[in-house]
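The chain contents come next:
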Amino acid sequence: MIKELEKVYDPSVVEERLYSTWLDRKYFHTEVDKTKKPYTIVMPPPNITGQLHMGHALDNTIQDILIRWKRMSGYNALWVPGIDHASISTELKVVQKMAEDGLKKEDVGREGFLKRAWEWKEEYGGIILKQLRKMGSSCDWDRVRFTMDEGCSDAVLEVFTRLYDEGLIYRGEKLVNWCPKCMTTISDAEVNHVDKQGGFWHIKYPVKDSGEFLQLATTRPETMLGDTAVAVHPEDERYQKFIGKTCVLPLVGREIPIIADKYVEKDFGTGVVKITPAHDPNDFEVGIRHNLERINVMNDDGTMNENAGKYKGLDRYEARKLIVKELEEEGLLVKVEDINHAVGVHERCNTVVEPLIKLQWFVKMEELAKPAIDVYKNGELNIIPDRFGKIYLHWLENIKDWCISRQLWWGHRIPAYYCQKCGHIEVSKTAPQKCGKCGESEFKQDEDTLDTWFSSALWPFSTLGWPENTEELKHFYPTSVLVTAYDIIFFWVIRMVFSGLKQMDEIPFKDVFIHGLIRDDQGRKFSKSLGNGIDPLEVIEKYGADALRLTLITGNAPGNDMRFYWERLDASRNFANKLWNASRFVLMNLEDNKNDELLFLTPADKWIISKVNTLAKEVTDNMSNYELGLAVDKIHSFLWDEYCDWYIEMVKPRLYNKEDKTRNAALWTLKEVLINALKLLHPYMPFITEEIFMHVQSDEESIMISKWPEFREEWNFKESEAEIDLIKEAVRSIRNIRAEMNVVPAKKAKVFVVSNDEYVRDVFKRSEVFLRNLAYASELYVQDNKNGIDDDAVSCVIQNAVIYMPFAELVDISKEIERLTKEKEKMLKEIDRVDKKLSNQGFVSKAPQSVIDEEKAKGEKYKSMLLQIEDRLSQMSK
């Protein structure tokens, strides 16, 4: 018994009900099935502090499309969801919450703080995962992982100890990104470069015992207190005589060498630069080459330290003001330029980051980077679109050692233990019992935690049970595809690649599908400061998840940003309603179909069957190439144009005539084609497709676990496609003529199809039943001559045929003459108005040329329209 669809599609009711059903039936859950080919996606783990935003919505919609498609295609499809502990973000949130109670971290101690952090995780962790359910995400919710759960934590300790034992992790002093507010090192990924107003201070450095000066410029005068050299280019003729001599550092009086280094750009500025190895990454490298002293003049909180002399204790910016003032007083300040320049700030607190030399833990990257480079160059790793591969290579080929330690309490604590007697370092997954050097048993664990990226770099295999050799790991690793936005390719994707290669001897995923960013309708990033953010959950509440998903994917090309327009949401909702109403129409006609006679497929039936058959092949090919936007555009076009607007209209006369022996074929075709199209659409719009699917058929339990349509040679009716394409061309031509003549659809007229080609005539005769309806024809004549056709008949030419319609049947000639006469009078008045305006010297002399040109264009347009009206009147008067 066919079940009737509700008159109006209400996503708020349908989506919640269907998602609960899917969960209850465990459709999302995946067990190892060695009879099926595995297809695996691990979700980029959102932070436990986050809320769903448009970026999450797009990223997870793409993953859901892929996993639903592969599940229907017979794969052992697993989508692993999870969340990231987000060390610094979470710590900041907990610190802020404690501050409301007047508490600091130090007031409760490390254990007390961690207890509060875990409470925060339990309360707020996984909010995004809960919200993703509203999007229809079909993750295996029984397998949710957390970067600090027992298994992932064990993986982190295992990797750290392995890399340390191999000499790939070491502890040393290097220049790092330091946040003076959060008091921790941060990664490059956590540094935003924003434009700020600043200064370019030009300063004279006295050359010792010469009476001469070297002039240079800096944006950070406070760091000059730590200068240990002045550098010029070795080939700069202006400064050859100074190389090897010394300068006297202004305000400090310390002598520093004048060195030659190709780092200096001799054509930029004065060609002289100050070298401060402890406060600038480029200067740090220069310092290594020339064995320069490193003098840190700043405390961790951004105040000046004892090396800053009399400026000790001052905030860095207060010290800057005082230094500039004293330089001016001593006549050493040449000038100050006001500039707008990019400054690195911590993305979490917007504090300006300081490069500082700190004793930290690092990973040696050269050895790990090489295999990651090789797998891309040999084609083992596929990056889509390919242009991002160049960025991937550039970053790896210029990689530096990775600082992995953070001065935080929330996160994976570094498994390094310091002997309290001899200082020897023991690295192990558990606390050591005795020192391997002196035999003592008193240890203190390193206070630092690991960079969040260290644990997420292991995500593709740690989530599957590594370091245990689980069945899931053996079956589902390497994963199939990593879906991510291009803004984190360097920081996460690359780290997962070299980690997977190092620990598993295999790449972590075969494909990296990189999508663009969602921007507002003006092309701007969504941000709190701009106030342009859009909450996906509010969109779902108003439009439904399917409409949002379709909007996010429509027009989406790999790697390209896209703009978000509310109008597109309206269009997506309209499409859903169109599909719903068309399906209701089909179901209403299927209800009374009890005829089991042999099918008599007409060319129209074969045409739409062949079209959906070809569509299945093209969509599958597009999806295989990650052209998801192109694929859904084809599905949308097929359903809206070919199925709803053409085929349903073609079959209506057969449906309404219960004596028509092809009626059953039309009903079978309507249902079969709809089912196949619904399956192709399902990964994109899971809810409405499931609801219709469960009403229109009863053979399969759910569209989610139904069989993906495949190209079938027996459904390949190219001849029928050619026939119906010819009919469509004729219908379009007829409708265009009627539209040009303002003929309402209700007014019928005879249609003559004249062709010398017998095949063409047969095509039109076979299509007569629906052609009369589509062409608004009172009668249809198919013939090989012009017999019976009036001389005044309007015509149009199509392939191998001419179509005629009696003019008098289209138009009431007396009324049309009356209407055209009025149009002629209107045009004459407009032409006269324009002519008078252009002949008015007062207007011509004062009006801008653009206005004059506009009036001239109007005049030409009116004259052209007048000629057309007069021509039509002349024809009617004959």
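Above this text you will find the structure in question.
We now turn to the structure provided with this report. (Residues numbered from 1 in each chain as written. Predicted model: local features only at pLDDT ≥ 70, side-chain atom pairs only at ≥ 80, totals over all residues. Heavy atoms only, no water.)

Here's the deal with the overall build of the protein chain
Here is step 1: The number of helices and strands found in the protein chain is 28 helices and 29 strands.
Here is step 2: Scaling as 2.2 N^0.38, a compact globule of 878 residues should have a C-alpha radius of gyration of about 29 Å, whereas the protein chain reaches 37 Å, well beyond that.
Here is step 3: Oriented by its inertia axes, the alpha-carbon framework of the protein chain measures out at about 115 × 85 × 55 Å.
Here is step 4: For the protein chain, the residues scored as buried account for 53% of the 878 residues in total.
Here is step 5: The average position of the 121 basic charges and that of the 144 acidic charges among the side chains of the protein chain differ by 2 Å. (Helix = DSSP H or I, 4+ residues; strand = E, 2+ residues; numbered from the N terminus. Rg over C-alpha atoms; globule rule 2.2 N^0.38 Å. Buried < 20%, exposed > 50% of the residue type's maximum accessible area, 1.4 Å probe, protein only. Lys, Arg positive; Asp, Glu negative; His and termini not counted. Charge placed at Lys NZ, Arg CZ, Asp CG, Glu CD.)

Examining the pairing of strand S23 (residues 509–515)
Here is step 1: Taken across its 7 residues, S23 has 6 buried, putting it largely inside the fold.
Here is step 2: Of the strand pairs in this sheet, strand S15 (residues 382–384) and S23 are connected by 3 bridges, and their pairing is parallel. Within the sheet, the bridge partner assigned to isoleucine 383 lies in S23 and is valine 512.
Here is step 3: Summarising the sheet, strand S22 (residues 479–485) and S23 pair through 6 bridges and their orientation is parallel. Within the sheet, the bridge partner assigned to threonine 479 lies in S23 and is phenylalanine 509. (Pairing = 2+ DSSP bridges.)

Quick look at the packing of helix H15 (residues 536–543) against helix H17 (residues 566–590)
Here is step 1: It is at 11 Å that the axes of H15 and H17 come closest, and there the two elements cross at 40 degrees. On the basis of the axis angle, H15 is oblique to H17. When you trace H15 past H17, the crossing you get is right-handed. Where H15 approaches H17, its residues Val539, Lys542 and Tyr543 are matched on the opposing element by Trp566, Leu569, Asp570 and Arg573.
Here is step 2: Tallied by class, residues from the contact of H15 with H17 come to 4 nonpolar, no polar and 3 charged. (Axes fitted to C-alpha atoms, helices over the stretch in contact; angles between N-to-C directions. Parallel < 35°, antiparallel > 145°, perpendicular 65-115°, else oblique. Left-handed = near helix turned anticlockwise from the far one by under 90°. Contact = heavy atoms within 4.5 Å. Nonpolar A, V, L, I, M, F, W, Y, C, P; charged D, E, K, R; others polar.)

Some thoughts on the nonpolar core
Here is step 1: Counting residues in hydrophobic clusters, the biggest one holds 144 residues, and the most contacted among them are Leu66, Tyr643, Tyr684 and Phe764.
Here is step 2: Looking at this core element by element, the count peaks at 14 residues for helix H19 (residues 628–656).
Here is step 3: Core analysis: the second largest hydrophobic core is formed by 58 residues, Ile383, Phe476, Phe491 and Trp492 among them. (Core = buried A, V, L, I, M, F, W, Y, C linked by side-chain atoms within 4.5 Å.)

What to know about a nonpolar patch on the surface
Here is step 1: Together, Leu599, Leu601 and Trp668 make up a nonpolar patch on the protein surface, roughly 210 Å² of accessible area in all.
Here is step 2: Within the secondary structure, tryptophan 668 is located in helix H20 (residues 663–681). (Patch = residues over 30% accessible without salt bridge, like charges linked within 9 Å, V, L, I, M, F, W, Y side chains within 5 Å. Areas by Shrake-Rupley, 256 points an atom, 1.4 Å probe, with all protein chains shown as cover. Salt bridge = Lys/Arg side-chain N within 4 Å of Asp/Glu carboxyl O.)

Looking at the environment of proline 848
Here is step 1: Along the chain, proline 848 falls in the loop between helix H27 (841–846) and helix H28 (849–877).
Here is step 2: C-alpha of proline 848 to C-alpha of glycine 82: the two residues are 766 residues apart in sequence and 64 Å apart in space.

Focus: the sheet that holds strand S7 (residues 191–206)
Whenever strands of a sheet pair, they do so through backbone hydrogen bonds, lying parallel or antiparallel.
Here is step 1: Here we have 3 strands laid out as an open sheet, ordered S8-S7-S13, and antiparallel in their pairing. At either end of the open sheet lies a strand with only one pairing partner, and these are strand S8 (213–218) and strand S13 (333–346). Neighbouring strand axes in the sheet, compared pairwise and without regard to direction, differ in orientation by 20 degrees on average.
Here is step 2: Across 13 bridges, S7 lies against S13 in antiparallel orientation. What sits directly across from glycine 198, in S13, is isoleucine 339.

Focus on the pattern of salt bridges
Here is step 1: Across all of its chains, the model carries 59 salt bridges by this definition.
Here is step 2: The closest approach of N and O atoms between arginine 220 and glutamate 354, which form a salt bridge, is 2.8 Å. Within this pair, whereas arginine 220 is found in the loop between S8 and strand S9 (229–232), its partner glutamate 354 is found in strand S14 (residues 354–363), the two being separated by 134 residues in sequence. Each member of the pair, arginine 220 together with glutamate 354, is buried.
Here is step 3: Put simply, Glu830, Arg833, Lys837, Glu855 and Lys858 are held in one network by salt bridges that share partners.

Remarks on helix H9 (residues 366–377)
Here is step 1: Taking 1.5 Å per residue as the helical rise, H9 with its 12 residues ought to reach 16 Å, and the 17 Å between its terminal C-alpha atoms agrees with that figure.
Here is step 2: The set of residues buried in H9 consists of Leu368, Ala369, Ala372, Ile373, Val375 and Tyr376. Buried residues of H9, viewed axially, fall in a sector of 165 degrees; they line one side. When the buried face of H9 is taken as reference, the exposed residues oriented beyond 90 degrees from it are Glu366, Glu367, Lys370 and Lys377. (Expected span 1.5 Å × (residues − 1). Arc of directions from axis to C-beta.)

Considering the sheet that holds strand S18 (residues 416–419)
Here is step 1: A sheet is described by the order of its strands in space; here 3 strands give the open sequence S19-S18-S20, paired in antiparallel fashion. In this open sheet, the two strands that pair with only one neighbour each are strand S19 (425–427) and strand S20 (443–445). Taking the axes of each pair of neighbouring strands and ignoring which way they run, one obtains an average angle of 30 degrees across the sheet.
Here is step 2: Here S18 runs beside S19; their pairing, made up of 3 bridges, is antiparallel. Within S19, the position partnered with tyrosine 418 by the bridge is isoleucine 425.

Regarding unusual backbone geometry
Here is step 1: A cis geometry characterises the amide bond from isoleucine 384 onward to proline 385, with omega recorded as -5 degrees.
Here is step 2: Tracing the chain through its elements places proline 385 in the loop between S15 and helix H10 (387–397).
Here is step 3: That bond from tryptophan 466 to proline 467 is cis: its omega, 15 degrees, falls within 30 degrees of zero.
Here is step 4: Tracing the backbone through its elements, the reader meets proline 467 in the loop between helix H12 (459–462) and helix H13 (471–476).

Thoughts on H10
Here is step 1: Those residues of H10 lying buried are Phe388, Gly389, Tyr392, Leu393 and Leu396. Buried positions in H10, seen along its axis, are confined to an arc of 145 degrees and lie on one side of it. Facing away from the buried side of H10 by over 90 degrees, the exposed positions are Lys390 and His394.

Observations regarding the state of the cysteines
Here is step 1: One pass over the structure, following the stated rule, counts 0 disulfides.
Here is step 2: Of the cysteine sulfurs around cysteine 435, a residue in no disulfide, the closest is that of cysteine 422, at 3.6 Å. (Disulfide = S-S within 2.5 Å.)

Side note on the pairing of strand S1 (residues 38–42)
Here is step 1: By the criterion of burial, S1 is predominantly enclosed, with 4 of the 5 residues buried.
Here is step 2: Note: S1 against strand S2 (residues 76–80), 5 bridges, orientation parallel. Residue pairing for S2: proline 38 is matched across the bridge by asparagine 76.
Here is step 3: Traced from S1 through helix H2 (residues 54–72) to S2, the parallel crossover comes out right-handed. (Right-handed = clockwise from strand over helix to strand, strands pointing away.)

A few points about the environment of glycine 533
Here is step 1: Counting through the fold element by element, glycine 533 comes out in the loop between strand S24 (518–519) and H15.
Here is step 2: Excluding residues that lie within four positions of it along the chain, glycine 533 makes contacts with Phe526 and Ser527.

Overview of the packing of helix H18 (residues 603–624) against H20
Here is step 1: Taken N-terminus to C-terminus, the directions of H18 and H20 make an angle of 15 degrees; their axes are 10 Å apart at the nearest point. Relative to H20, the element H18 lies roughly parallel. Seen from above, H18 lies across H20 with left-handed handedness. For the pair H18 and H20, the contacting residues are Asp605, Ile608, Ile609, Val612, Leu615, Ala616 and Val619 in the first and Ala665, Ala666, Trp668, Thr669, Val673, Asn676, Ala677 and Leu680 in the second.

A short note on the packing of aromatic side chains
Here is step 1: Scanning all chains against the criterion turns up 28 aromatic pairs.
Here is step 2: Ring centres of tryptophan 118 and phenylalanine 146 lie 5.9 Å apart, and the angle between their planes is 80 degrees; this geometry places the pair in the edge-to-face category. Note that tryptophan 118 is positioned in helix H4 (residues 105–124) and phenylalanine 146 in strand S4 (residues 145–146), a separation of 28 residues in sequence.
Here is step 3: On the basis of relative accessibility, which here comes to 33%, the residue tryptophan 118 falls in the partly exposed class.
Here is step 4: Centre to centre, the rings of phenylalanine 388 and tyrosine 486 are 5.8 Å apart; their planes meet at 15 degrees, and the pair counts as stacked. (Phe/Tyr/Trp six-rings, centres within 6.5 Å; stacked < 30°, edge-to-face > 60°.)

Regarding the environment of tyrosine 543
Here is step 1: Relative to the assigned elements, tyrosine 543 resides in helix H15.
Here is step 2: Looking at tyrosine 543, the relative accessible area reads 6%, which means it is buried.
Here is step 3: Tyrosine 543 sits 243 residues away from lysine 786 along the chain, and the two C-alpha atoms are 55 Å apart.
Here is step 4: Apart from the residues within four sequence positions on either side, tyrosine 543 is in contact with Pro11, Trp566, Leu569, Asp570 and Arg573.
Here is step 5: Only 3.0 Å separates the side chain of tyrosine 543 from the side chain of aspartate 570, close enough to count as a polar contact. (Polar contact = N/O pair within 3.5 Å; in protein donor to acceptor, adjacent residues only side chain to side chain.)

Shape is all these values report; function is a separate question.
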